[in-house]
Amino acid sequence: MVKHHRIYVLQLRKGDPEQCFKDSHDHLPPVMYYYDSGTRKPKPNIRRLLFLFSFASLAFLILSRLLFCSSPTSPCPLLYSFGIEEGSQMLKNRGVPCSSRANDTICCDRTAFRTDICFMRGDIRSHASSNSFLLLANARTNLSVEEKIRPYTRKWEANVMSTIDELTLRTIHLNESVNHHCDVHHDVPAVVFSTGGYTGNVYHEFNDGIIPLYITSHHFNKKVVFVILEYHDWWVTKYSDVVSRLSAYPPIDFSSDRRTHCFTEVVVGLRIHDELTVNASRMANNKTIRDFRKMLDEAYRGRIRYIERVEERRRLSPKQSIATNTNQPSLVIVSRRGSRSIENEEDLVALAEKVGFHVRVLRPDRTTELCKIYRALNYSDAMIGVHGAAMTHFLFMRPGKVFIQVVPLGTDWAAETYYGKPAAKMGLWYVGYKILPRESSLYREYPQEDPILVDPESVAKKGWEVTKKVYLDRQNVRLDLARFGKRLVRAHRYLVSRRKRPKWQKM
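Cut-offs and rules
- Residues numbered from 1 in each chain as written.
- Predicted model: local features only at pLDDT ≥ 70, side-chain atom pairs only at ≥ 80, totals over all residues.
- Heavy atoms only, no water.
- Helix = DSSP H or I, 4+ residues; strand = E, 2+ residues; numbered from the N terminus.
- Buried < 20%, exposed > 50% of the residue type's maximum accessible area, 1.4 Å probe, protein only.
- Contact = heavy atoms within 4.5 Å.
- Areas by Shrake-Rupley, 256 points an atom, 1.4 Å probe, with all protein chains shown as cover.
- Core = buried A, V, L, I, M, F, W, Y, C linked by side-chain atoms within 4.5 Å.
- Polar contact = N/O pair within 3.5 Å; in protein donor to acceptor, adjacent residues only side chain to side chain.
- Pairing = 2+ DSSP bridges.
- Right-handed = clockwise from strand over helix to strand, strands pointing away.
- Axes fitted to C-alpha atoms, helices over the stretch in contact; angles between N-to-C directions.
- Expected span 1.5 Å × (residues − 1).
- Bend = angle between axes of the 7 residues up to and from the residue.

A. Region of interest: the overall build of the chain. From N to C terminus, the chain includes 15 helices and 15 strands. For the chain, with 507 residues in total, the buried portion stands at 53%. For the chain, the proportion of contacts with a sequence separation of at least 24, taken over those separated by at least 6, is 75%. As displayed, the chain has an accessible area near 24600 Å², and 52% of this comes from carbon and sulfur atoms.

B. Expanded view of the nonpolar core. In terms of nonpolar packing, the biggest core is built from 62 residues, with Phe-206 and Phe-292 touching the most fellow members. The residues touching Phe-292, leaving out its near neighbours within four places in the chain, are Phe-206, Ile-210, Ile-211, Tyr-214 and Val-278.

C. Inspection of the side chain of Arg-125 at higher detail. Considering the arrangement of structural elements, one finds Arg-125 in strand β2 (residues 117–127). A distance of 2.7 Å separates polar atoms of two side chains, one belonging to Arg-125 and the other to Asp-123.

D. Molecular detail of the pairing of strand β8 (residues 225–229). Judged by how many residues are buried, β8 sits mostly within the fold: five of five residues are covered. Burial along β8 is two-sided: Val-225, Val-227 and Leu-229 facing one way and Phe-226 and Ile-228 facing the other are all buried. In terms of strand pairing, strand β7 (residues 190–194) meets β8 through five bridges, oriented parallel. Bridging from a neighbouring strand, Val-192 pairs with Val-227 of β8. Crossover handedness for the path β7 to helix α5 (residues 202–217) to β8: right-handed.

E. Geometry of the environment of Glu-205. Positionally, Glu-205 belongs in helix α5. A C-alpha to C-alpha distance of 9.7 Å links Glu-205 and Thr-392, two positions 187 residues apart in sequence.

F. Up close: the sheet that holds strand β13 (residues 382–386). One open sheet holds the five strands; their spatial order is β12-β11-β13-β14-β15, and the pairing between them is parallel. One side of each edge strand has no neighbouring strand; the edge strands of this open sheet are β12 (358–362) and β15 (429–434). Direction aside, neighbouring strands of the sheet carry axes that sit 20° apart on average. Both strand β14 (residues 402–407) and β15 contribute to a ladder of six bridges, which runs parallel. From the neighbouring strand, Gln-405 faces β15, where its bridge partner is Gly-432. Strands in contact with helix α9 (residues 345–355) are β11 (330–334) and β12; relative to β12, the strand with the most contacts, it is inclined by about 155°.

G. Focus on helix α11 (residues 412–425). With 14 residues, α11 should reach 20 Å at 1.5 Å per residue; the first-to-last C-alpha distance of 18 Å fits that figure. The largest bend in α11 comes to about 30°, at Tyr-419, with the proline Pro-422 one to four residues further on. Looking one or two residues beyond α11, the residue adopting positive phi is Gly-427, at roughly 100°.

H. Structural view of unusual backbone geometry. With a phi angle near 60°, Asp-104 is a residue other than glycine that sits in the positive phi range. Relative to the helices and strands, Asp-104 is located in the loop between α3 (77–80) and β1 (105–109). Positive phi, close to 55°, is recorded for Asn-221, a residue that is not glycine. Relative to the helices and strands, Asn-221 resides in the loop between α5 and β8.

Written out as structure tokens, the structure is:
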């Protein structure tokens, strides 16, 4: 068994990957031409050698960037220039591995940058004591197959992958000294995945787990069993509403359940498309991130109705607990404690109310029931928050609403990549409010000309630890309300005008 370590991750990756990619080119050896004397041109063979040397140097530097990301939370620039998983399109001419799978076979698709996924068909047995799934080979087949896989969706990050249990998938024959008795027979397939790694951070829980689980399993129409490595009771409780929409069966704790479970089909690992999204072109039935959100609606509907009935008994109508005036657009401010908090939050609330919003401040913590966060944002017309993992909750908003993300110094690329672009894909009107240096608490600590204030990209070159310490752990924001207020006014006008549109135009 692998020794696990709890890892808490902030959403900014090390440096700016685009700048990092530029840096790799800055260090390339220049192509030089050597002349024997005066203006004589080099001989053809020398030119070829110089070209080959330059090409090899370029290839080596690019490959090193891909293979040796310097932090478990820093993206590899070439991969992210496509959106890691989308980079696998470079392999499209090879065909799709495992697209057709016969019985009594094990097939693994390792072509994607972010994840591996393996498929087994036949007489399959779980064997928890050896961290294995065993395929009983046909007596006429002498071929032995063995594959190893860590079923987690960040395979390019060696540090975190080393904490994920490795499974062995192999064929066996009846004469091997393995218990072949089936304790539990399943007449539906299994999907095997890990809730280890960065689980504990809501961004990673959705991006690396819940959305990939939806992508991989939704087509089974709930006729699938989830087998979980590094099983956490709290995770199962937190996401039970969602998991129950994808599977009609209780999940299996692979390590603790030592019974032999028998299947005819097992999928090990999860598919993933890009940051917090579902790519319709890669889904068999053209599902999108909006379909994922509809699934969330179905998952939380029952619990929300129960909460509303409780409030009714307390003589509160369901809408009153969210917005007291339904004629006003509602705004939720997702508040942060500690770093990257809004220092003048109370003034922001007053300004938003003056603009015409009904405002609610949401302060989620680890104990906040996810359904309650979903309900608050599902009813809201707009959301404001400072860049960080909690921005993942934009997934709970209805398409057509407004998402305003405050972008502190040094977080531009991460804010746009992890939340801005995915929010736009889901149909939200996204506004990225990039603060000025004077709106940062760092403005009170450093001279106005300091690179920390005027050139965050140069600071990022010093490494992830410096970036994290300066921009994530020690920075708060004090919004320029006159400047920020213009965004609020535009958002309010947009929402009011949208209410006046015919219903068919709002879709």
